[in-house]
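Residue-level listing of the chains:
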Amino acid sequence: MNKLSNYMSSYRIQKMNAFLFVFCISILGLSFLVLPKKKISINEKRSLAQFPSLSMNSLLNGNYMDSIDLYFSDHFPWREQFITVANTIAENRGFADENLKYYTRNAQPDSPSKTMDELEKEDSLSLESIALDTNQTVNNLPFETIKSVVVSNKRAIQMFGGSKIGAKNYAGLINSYKKAFGPSVNIYCMPIPVGADFYLPEKINKRKEKEFINDLFQQLQSDVVKVNAYEELSKHSNEYIQFNTDHHWTGRGAYYAYVAFCKSSGFDPLPLAGFQRKVIPNFLGTLYYYTLSKELKTNIDSVEYFKVPVSTKSFYIKKGRTAEQPTQLYAEFAKGSNAYGVFLGGDYPLMRIATSVKNGRKVLIFKDSYGNAFSPYLASHFEEVYIIDFRYFIGSVKSLVVKNNITDIVFAHNVYASNSSFTVKREMGMLNYIAPPKPTAQPLTKQDTSKVIK
Amino acid sequence: MVFSSLFFLTIFLPLNLLLYYFTKSINVRNIILVVFSLFFYAWGEPIWISLLIFSALVDYLNGLFIDKYRNQPIAKLGIFITLFINLGLLFTFKYSDFIVENFNFLFNTTFSKPGFLLPIGISFYTFQTISYSIDVYKGEVKAQKNFLNFLMFVSLYHQLVAGPIVRYSVIENEINNRKFHWDDFSNGVTRFSKGLFKKVLIANVAGEIVQQFLERDIVDMTSASAWFGISMYAIQIYFDFSGYSDMAIGLGKMFGFHYDENFKHPYTSTSIGDFWRRWHISLGTFFRDYLYIPLGGNKKNVYLNLLIVWFCTGFWHGASWNFILWGLYFCVLLIGEKLFINQLLAKTHIIIKHLYALFFIIIGWAIFYFTDLAKLTDFLGLLFGTNGFVLNDTEVSTVIKENIIWLLIALLFSAPLYNYCLNKIELYKNRFLNINHLILFLNIVMLFTSIAMLVNKTYNPFIYFRF
């Protein structure tokens, strides 16, 4: 009798086991089919995958199915809750070591998709530029692909390796610019550290940025001006020069680089007190969203910026327009996770800042997003500041320099961008650029931005 | 398609189960399984599905042919055809690049490589069809008269892409006579959930650590990180592979099939011979029954036979020299065990035996991992301190501490401890804690945590692309 009831109970529970399993997976599948789909994920700051369009080709090579898999996980029901569970599991696999945590993502978590900032700026900014002599799109930049991040002492820092080949190629690029422009144009090389040397525990990183920068400087021609921003920043590494939760440096960090620039170029740097200081609070940056570390959330950033004391007029080119558009040097409405956008208002192919300075000097800056915080300071010393974002600009730097009587060129890249062959390819392409034949109608995105600026 | 994908878990599988169980006729059910299996395969390999059907058709006809001319010399032709066609497919699609490359190297020629992409699962299904034809020839199974039924045996998605290699005799009776039992279905669910958990929460996490430690320049490794990295690879490959086998066996049970076990806690082995009786059992027995014994087995030329079998076992794992080396490495160890190692070990403590087996298994995984022989040599050197023994590596100790709970769970599942714990709990069962309730609860936990990890798009590799 007892045996039978035991059997009955286990029979019932077997049925339950089977039904529960089928029920759970069916409900998830059904909900996926029925529930409305979101376009963007606020938490991850990116757009979600679109349902792929069917083509014979993508069907036969399997790409179509891969895209569907991607679409599936991007729009999975209760996705955010599941991600929270996954992150909780990830954080509890063991015990963190003395405030030190490695984050590595090997698989690229996101296929090419735009970040939230990019989406929001879409209508004001040309994004779809095409690389000059590569087919790489701007979404897959080597240095923007964050690889290894360490969270230590409530601060996220990117690991930096650096390579001999990277230094050699980048030095080669800058030497080529010097040769092309000769003595009439000053060329400055200012590699910007990303905080790895200053903030990573020494057992993980032993002066790798410094090693890379020294290696780079040694290979530059003697007539290239070396701006040692690293030295200047290292004196102030206990100040707020690098964000805790973002991969960028702060306005204050950029100020010390500006001091280093002035020292190398013979200008007198303005004292920090000479600028109007403003602050945007509550900034959680990219590295927070990359790691989703709770520790970082307790050390939230604020974006401090120092407005230059000269009057300026800024211009940029809107996607598909042929004339420059006025803009602001500081996008003071920037807030939240986009607060770093206060500097220049984002990344444009080309910007021009006209200032009230009269000394016959005009500067061109090659930059990645690190340069955004740095560039405004130079408005205090040059009649005009031209800013090229190496990812988006298409056109001839030669004609830009000659036409506008540019006297100084600054390479203000962070060490990642400096170490990347993509940067070298792009900027070499701009130096050797030959305009496409006139009569053929070029797509708007391929327009020579150097020609429309004036 | 793979089991560890959201589409499979929440659309494909429930739809397959519902359609299957809403029909009553076994023929219709078999058709449903074939259609779903072909779709499953076509999801990743839309073109190469033709090869699968071709291989199935050849051996279907072969079976009929052998059956018709049974006991006549011409029946042997069937064996010849199955070997010729199936091995031909394998050589063309899996080994042609390798052969051309080595031929060019040896004779200084410049033939261009055919460059076929290896169709997924080809090594598994060709072996299944070969075994079928041979078994029909030997009279161990009857020839299948219905092509659809035969195609179901070959293409059944449970074991199609990553094994186990299911022999026809195992499911012969179940093709037309499957009895439904709730305990089968329930055990299937439990087995599947466990397999999914092993794949997603253990193997994939281990795989991430492997990438971190082994996918870098040798100069950036220390002895500690090399040992740690390769041990993590041992965890990854075992949990990935056995997780897949668990899922295959579990799915089989949900549909009324009973496949043989493929893994029996191989890392608890006490010798290399023991290891190979516990690791990928369906492959080992395949080579034993269809190669080693026909060659003469233990009766004559035993060393030559072993050499051939282990060469083939290694080569089966991929078209690269390191896999051959890996097979021969085990051949040497097994011959060594036959000759003297077993006698030496017999007198030692059980712990020594375990350490002995684990040590050589892990070295084996290094040979398996590095397809570049130069890198392999450097790596083996590093393991044994050619770069000096650096055992104090903060990256290793950080990662171990960060993953210590996970690591303990992995060890729990590597040994038969999981079932041991459940049995212990069952002994103390009382009306408050029924073991079945606990299992049901664990199944749901495993299913949902696995889905959460998959939604988060964590690292989810498919590591059988070379097989």
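In what follows, the structure referred to is the one given above.
Residues numbered from 1 in each chain as written. Chains lettered and ligands numbered in written order. Predicted model: local features only at pLDDT ≥ 70, side-chain atom pairs only at ≥ 80, totals over all residues. Heavy atoms only, no water.

1. So, the overall build of chain B
Going by this rule: A helix here means a DSSP run of H or I that spans at least four residues, while a strand means a run of E at least two residues long, and both kinds are numbered starting from the N terminus. Only protein chains enter the accessibility calculation, which uses a 1.4 Å probe. A residue is then buried if its area is under 20% of the maximum for its type, exposed if over 50%, and partly exposed in between. Any two residues whose heavy atoms approach within 4.5 Å at even a single point are treated as in contact. Where accessible areas are quoted, they stem from the Shrake-Rupley method and a 1.4 Å probe; at the residue level, only the protein chains shown are allowed to cover.
Helix and strand counts for chain B come out as 19 helices and zero strands. Every one of the 467 residues in chain B was classed for burial, and the buried ones make up 57%. If you take every contact in chain B between residues at least 6 apart in sequence, the share linking residues at least 24 apart comes to 75%. Counting every atom, chain B has about 19700 Å² of accessible surface; 67% of that belongs to carbon and sulfur.

2. Overview of the overall build of chain A
Across its full length, chain A carries 17 helices and 15 strands. Buried positions account for 55% of the 454 residues belonging to chain A. Sequence separation of 24 or more characterises 75% of the internal contacts of chain A that already satisfy a separation of 6 or more. Element-wise, carbon and sulfur atoms account for 56% of the exposed surface of chain A, whose accessible area totals about 20000 Å².

3. Section: the packing of aromatic side chains
Aromatic ring pairs are described here by two measures, namely the spacing of the ring centres and the angle between the planes. Rules: A pair of aromatic rings is counted whenever rings of Phe, Tyr or Trp (Trp by its six-membered ring) have centres within 6.5 Å, and the orientation is called stacked for planes under 30 degrees apart, edge-to-face for over 60 and tilted otherwise. Only when the NZ atom of a Lys or the CZ atom of an Arg is both within 6 Å of the ring centre and within 35 degrees of the ring normal do we say a charge sits over the ring.
Here the structure, examined in full by the defined rule, presents 113 aromatic pairs over all chains. Geometrically, the ring pair formed by Phe72 of chain A and Phe7 of chain B is edge-to-face, given 5.6 Å between the ring centres and 85° between the ring planes. Placement of the pair is Phe72 of chain A in helix α3 (residues 63-74) and Phe7 of chain B in helix α1 (residues 6-22), with the two residues belonging to separate chains. For the pair formed by Phe72 of chain A and Phe7 of chain B, the shared burial category is buried. Above the plane of the ring of Tyr199 of chain A lies Arg155 of chain A, whose end atom (NZ or CZ) is 3.8 Å from the centre. Sitting above the plane of the Trp316 of chain B ring, Lys94 of chain B keeps its charged end 5.1 Å from the centroid.

4. Focus: a nonpolar patch on the surface
For clarity, the cut-off: Two distance rules govern patches: like charges are joined within 9 Å, and nonpolar side chains (Val, Leu, Ile, Met, Phe, Trp, Tyr) within 5 Å, applied only to residues with over 30% relative accessible area and no salt bridge. Only one rule defines a salt bridge in this text: a Lys or Arg side-chain nitrogen within 4 Å of an Asp or Glu carboxyl oxygen.
A cluster of nonpolar residues, Leu20, Phe23, Ile27, Leu30, Leu33, Val34, Leu35 and Trp78 of chain A, forms a patch on the protein surface that exposes about 780 Å² of accessible area. Positionally, Ile27 of chain A belongs in helix α1 (residues 2-34).

5. Digging into the interface of chain A and chain B
Our working rule: Once two parts are put together, the accessible area they lose, assessed with a 1.4 Å probe and summed over both, is termed the buried area. Under the scheme applied here, ten amino acids are nonpolar (Ala, Val, Leu, Ile, Met, Phe, Trp, Tyr, Cys and Pro), four are charged (Asp, Glu, Lys and Arg), and all others, including Gly, are polar.
In this assembly, 55 residues from chain A lie in contact with 53 residues from chain B. Here chain A packs against chain B, burying approximately 4800 Å² in sum over the two surfaces, 70% of which is carbon and sulfur. Our count for the chain A to chain B interface comes out at zero salt bridges. When residues of the side of chain A that touches chain B are traced back to their parent elements, those giving at least two are α1, α2 (56-60), α3, α4 (79-91) and β3 (100-104) of chain A. Considering every element that reaches the side of chain A that touches chain B, the biggest residue donor is α1 of chain A, with 21 residues. Partitioned by chemical class, the residues of the side of chain A that touches chain B number 31 nonpolar, 14 polar and ten charged.

6. Digging into unusual backbone geometry
Phi at Leu292 of chain A is positive, roughly 50°, even though this residue is not glycine. As for its placement among the helices and strands, Leu292 of chain A is situated in the loop between α11 (286-291) and α12 (294-297). Look at Leu292 of chain A and you get partly exposed, because its relative accessible area is 27%. Here the phi dihedral of Asn301 of chain B falls at roughly 50°; this positive angle occurs in a residue that is not glycine. Inspection of the secondary structure puts Asn301 of chain B in the loop between α11 (281-295) and α12 (302-316).

7. Focus: the packing of helix α13 (residues 321-346) of chain B against helix α14 (residues 350-369) of chain B
Residues and elements named next belong to chain B. How we decide: Angular values range over 0 to 180 degrees, each being the angle between N-to-C directions of two axes fitted as lines to C-alpha atoms, with helices fitted over their stretch in contact. Note that the term roughly parallel is reserved for angles under 35 degrees, roughly antiparallel for angles over 145, roughly perpendicular for angles of 65 to 115, and oblique for everything else. If you view the pair so one helix is near and one far, a crossing is left-handed when the near helix is turned anticlockwise from the far one by less than a right angle, and right-handed when it is turned clockwise.
Between α13 and α14, whose axes approach to 9 Å, the crossing angle comes to 165°. Classified by the interaxial angle, the pair formed by α13 and α14 is roughly antiparallel. Considering only the axes of α13 and α14, their crossing is right-handed. Where α13 approaches α14, its residues Asn322, Phe323, Leu325, Trp326, Tyr329, Leu333, Glu337, Ile341, Leu345 and Ala346 are matched on the opposing element by Lys353, Tyr356, Phe360, Ile363, Gly364, Trp365, Ile367, Phe368 and Tyr369. Split into classes, the residues belonging to the contact of α13 with α14 amount to 15 nonpolar, two polar and two charged.

8. Quick word on the sheet that holds strand β10 (residues 312-317) of chain A
All names here are of chain A. Note the threshold: Only strands that DSSP links by at least two bridges are regarded as paired with each other.
Across the sheet, which stays open at both edges, the eight strands sit in the order β7-β6-β15-β13-β14-β12-β10-β11 with mixed pairing between neighbours. Lying at the two open borders of the sheet, with one neighbouring strand each, are β7 (225-226) and β11 (324-327). Where strand β12 (residues 350-355) meets strand β14 (residues 384-389), five bridges bridge the pair, whose relative direction is antiparallel. Its bridge partner being in β14, Ile353 is matched across the sheet by Val385.

9. Points about the pattern of salt bridges
All names here are of chain A. Counted under the stated rule, the structure contains 27 salt bridges over all chains. One salt bridge connects Glu231 with Lys210, and the closest N-O pair in it is separated by 3.4 Å. Here Lys210 lies in helix α8 (residues 208-218) and Glu231 lies in helix α9 (residues 229-235), a separation of 21 residues in the sequence. The class of Glu231 is partly exposed, set by a relative accessible area of 34%. Here Glu384 makes a salt bridge to Lys362, at a shortest N to O gap of 3.4 Å. Of the two residues, Glu384 is situated in strand β14 and Lys362 in strand β13 (residues 362-367); the sequence distance between them amounts to 22 residues. Of the two residues examined, Glu384 and Lys362, each falls in the buried class. Each of the salt bridges in this network shares a partner with another, and the network as a whole consists of Glu239, Arg252, Arg277 and Glu304.

10. Overview of the environment of Asp223 of chain A
Residues and elements named next belong to chain A. The criterion, for reference: Counting of polar contacts relies on pairs of N or O atoms within 3.5 Å, with two restrictions inside protein: one atom must be capable of donating a hydrogen and the other of accepting it, and residues adjacent in sequence are counted only when both atoms are side-chain atoms.
Relative to the helices and strands, Asp223 is located in the loop between α8 and β7. Overall, the relative accessible area of 39% leaves Asp223 in the partly exposed class. Sequence-wise, Asp223 and Lys178 are 45 residues apart; in three dimensions their C-alpha atoms are separated by 7.8 Å. Polar contacts involving the side chain of Asp223 include one to the side chain of Gln221, which spans 3.1 Å.

11. Observations regarding the nonpolar core
This is how it is decided: The nonpolar core is taken to be a set of buried Ala, Val, Leu, Ile, Met, Phe, Trp, Tyr and Cys residues, with the residues joined through side-chain atoms within 4.5 Å.
If you look at the biggest cluster of nonpolar residues, it comprises 168 residues, and the most contacted ones within it are Phe8, Leu13, Tyr157, Phe192, Trp279, Trp365 and Phe379 of chain B. Ranked by residues supplied to this core, first place goes to helix α9 (residues 223-254) of chain B with 17 residues. Excluding residues within four positions of it along the chain, Phe8 of chain B makes contact with Met1, Val2, Phe3, Leu13, Pro14, Phe40, Tyr157, Phe192 and Leu251 of chain B. One finds Leu233, Tyr256, Tyr316 and Phe343 of chain A within the second-largest nonpolar core, a separate group that totals 97 residues.

12. A closer look at the side chain of Asn244 of chain A
All names here are of chain A. In this structure, Asn244 sits in the loop between α9 and α10 (251-265). Residue Asn244 is classed as buried on the basis of its relative accessible area of 9%. In this structure the side chain of Asn244 is engaged in a polar contact, spanning 3.4 Å, whose partner is the backbone oxygen of Asn299. When near neighbours in sequence (up to four residues on either side) are disregarded, Asn244 contacts Lys154, Arg155, Ala156, Leu296, Asn299 and Asp301.

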